[in-house]
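# Working through the structure, step by step
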Amino acid sequence: MKHVIEVEHLRKEFKSYSSRSGLKGAFRDLLTRNYKVLRAVDDISLTVKQGEMVGYIGENGAGKSTTIKMLTGILTPTSGVVSVNGMNPHKEREKFVRSIGVVFGQRSQLWWDIAVQESFRLLKKVYKVSDEDYKNHMEHVIESLDIGPLLDKPVRKLSLGQRMRCELAAALIHNPPLLFLDEPTIGLDVLVKLKIRKFLKEMNEKYKTTILLTTHDLTDIEALCDRVVMLDEGKIIYDGGLSDLRRNWAEGKQIEFEFTRELNESELHNVTVGLEVEWQKGERSHVWTAHVVDEDQVMSDLISRVVAAYRIKDMSIKEISTEEIIRNIYEEGMVK
């Protein structure tokens, strides 16, 4: 299977200028400026195959958006090699933009004051899409995203959820083989998120559309992506399966107990002496969570001891969430 994205030793540096204080400092700034070099993306290499749905994640300032901007041709790399759909994003601009779709959660590609369908018609001309291709493809897109009733409305009259569904449709007018999504569900309610996720899965299955998704909402990643690329301070610290991430880092389970009275930590420790368990106070009263290794014997011993010692109103066993796993990785580093 061919590689849609190929990146080797990609680097992007920015100069950060600082001003000297006082009048004398201002004059000196006119002649020479003090600056520091900030490396937003630091020597990353990765490949993405056709049809993959990849989650690209990291904390604010990790370099996610800078990478996406280089891959889409908005920014020029300081050094390194970038090939997207077999092209250099900066050198074959016109041909290149017809081969990708881009949705930035914070930036619109629709015209603010005209009806949505007028924006679609303009984009159809920009991308040189035939009437037949537009009809065959966009009827399905409009129906799946449920935006038929919105086509006659100007963009400024749409809610955020309505606009984002229209943005996604606009990015797919030319049915690109590769779709970049940068925070596409930010600020949206759950029902809209579910609709967008379902649609993206359909597009991937029907057209083998490759999707690179950056998001802070890890439920998007869990719903859509088998592979995760994790960035920290401009470097890739993890590139692999979401299931492997969970298996390697989700050491244990959480057992939540709701007791009939308030307990303190020392009481719980006395009951679980000799077991590998950490207790954490819950947000609700009378609730404590035990973090234990995922071994049947340990869990069985813990539950039987607690049930024998105290009256329990409710109990539930939970997997450690992806969000917690990733937070632990950032706090502890990838040294395992």
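Everything in this summary refers to the structure shown in the same document. Just so you know, these numbers come straight off a predicted model, no measurement behind them.

Another aspect to go through is the packing of aromatic side chains. The final tally for this structure, using the stated rule, is three aromatic pairs. Ring plane angle 20 degrees and centroid distance 5.9 Å describe the contact between phenylalanine 257 and phenylalanine 259, whose orientation is recorded as stacked. Both residues of the pair, phenylalanine 257 and phenylalanine 259, belong to the buried class. Relative to tyrosine 310, the ring of phenylalanine 259 lies with its centre 5.9 Å away and its plane at 80 degrees, an arrangement referred to as edge-to-face. Of this pair, phenylalanine 259 sits in strand β10 (residues 253-259) while tyrosine 310 sits in the loop between α11 (296-309) and β13 (312-319); the two residues are 51 residues apart in sequence, bridging distant segments of the chain. In this structure an aromatic cluster arises from ring pairing among Phe257, Phe259, Trp279 and Tyr310. The side chain of lysine 124 reaches across the aromatic face of tyrosine 134, ending 6.0 Å from its centre.

What follows covers the side chain of lysine 193. Position of lysine 193 relative to the elements: it lies in helix α7 (residues 190-207). Among the residues examined, lysine 193 registers a relative accessible area of 16% and is labelled buried. In this view, lysine 193 contacts Thr185, Leu188 and Asp217; residues no more than four positions away in its chain are not counted.

Let us now look at the nonpolar core. Counting 50 residues, the largest nonpolar core has Phe120, Leu168 and Leu200 as its most contacted members. For this core, the element with the most residues is helix α6 (residues 160-171), which contributes six residues. Those residues in contact with leucine 168 that sit more than four places away from it in its chain are Val103, Leu145, Leu179, Leu181, Ile196, Phe199 and Leu200. Membership of the second largest hydrophobic core comes to 26 residues, among which are Val4, Leu46, Met70 and Leu212.

Further remarks concern the sheet that holds strand β4 (residues 79-84). Strand order in the open sheet formed by three strands is β2-β1-β4, and the pairing between neighbours is antiparallel. Lying at the two open borders of the sheet, with one neighbouring strand each, are β2 (34-49) and β4. Across the sheet, the axes of successive neighbouring strands diverge by a mean angle of 25 degrees, strand direction being ignored. When strand β1 (residues 3-18) meets β4, the two strands line up antiparallel, connected through five bridges. Paired with isoleucine 5 across the bridge in β4 is valine 84.

Turning our attention to unusual backbone geometry. For residues that are not glycine, phi is negative in most cases, and the peptide bond is trans in most cases. The phi dihedral of aspartate 146 is positive, around 55 degrees, even though this residue is not glycine. The topology assignment puts aspartate 146 in the loop between α5 (131-144) and α6. Overall, aspartate 146 belongs to the partly exposed group, its relative accessible area being 41%. The backbone phi angle of glutamate 233 is positive, close to 50 degrees, even though this residue is not glycine.

Criteria and thresholds
Residues numbered from 1 in each chain as written. Predicted model: local features only at pLDDT ≥ 70, side-chain atom pairs only at ≥ 80, totals over all residues. Heavy atoms only, no water. Phe/Tyr/Trp six-rings, centres within 6.5 Å; stacked < 30°, edge-to-face > 60°. Buried < 20%, exposed > 50% of the residue type's maximum accessible area, 1.4 Å probe, protein only. Helix = DSSP H or I, 4+ residues; strand = E, 2+ residues; numbered from the N terminus. Lys NZ or Arg CZ within 6 Å of the ring centre and 35° of its normal. Contact = heavy atoms within 4.5 Å. Core = buried A, V, L, I, M, F, W, Y, C linked by side-chain atoms within 4.5 Å. Pairing = 2+ DSSP bridges. Axes fitted to C-alpha atoms, helices over the stretch in contact; angles between N-to-C directions.

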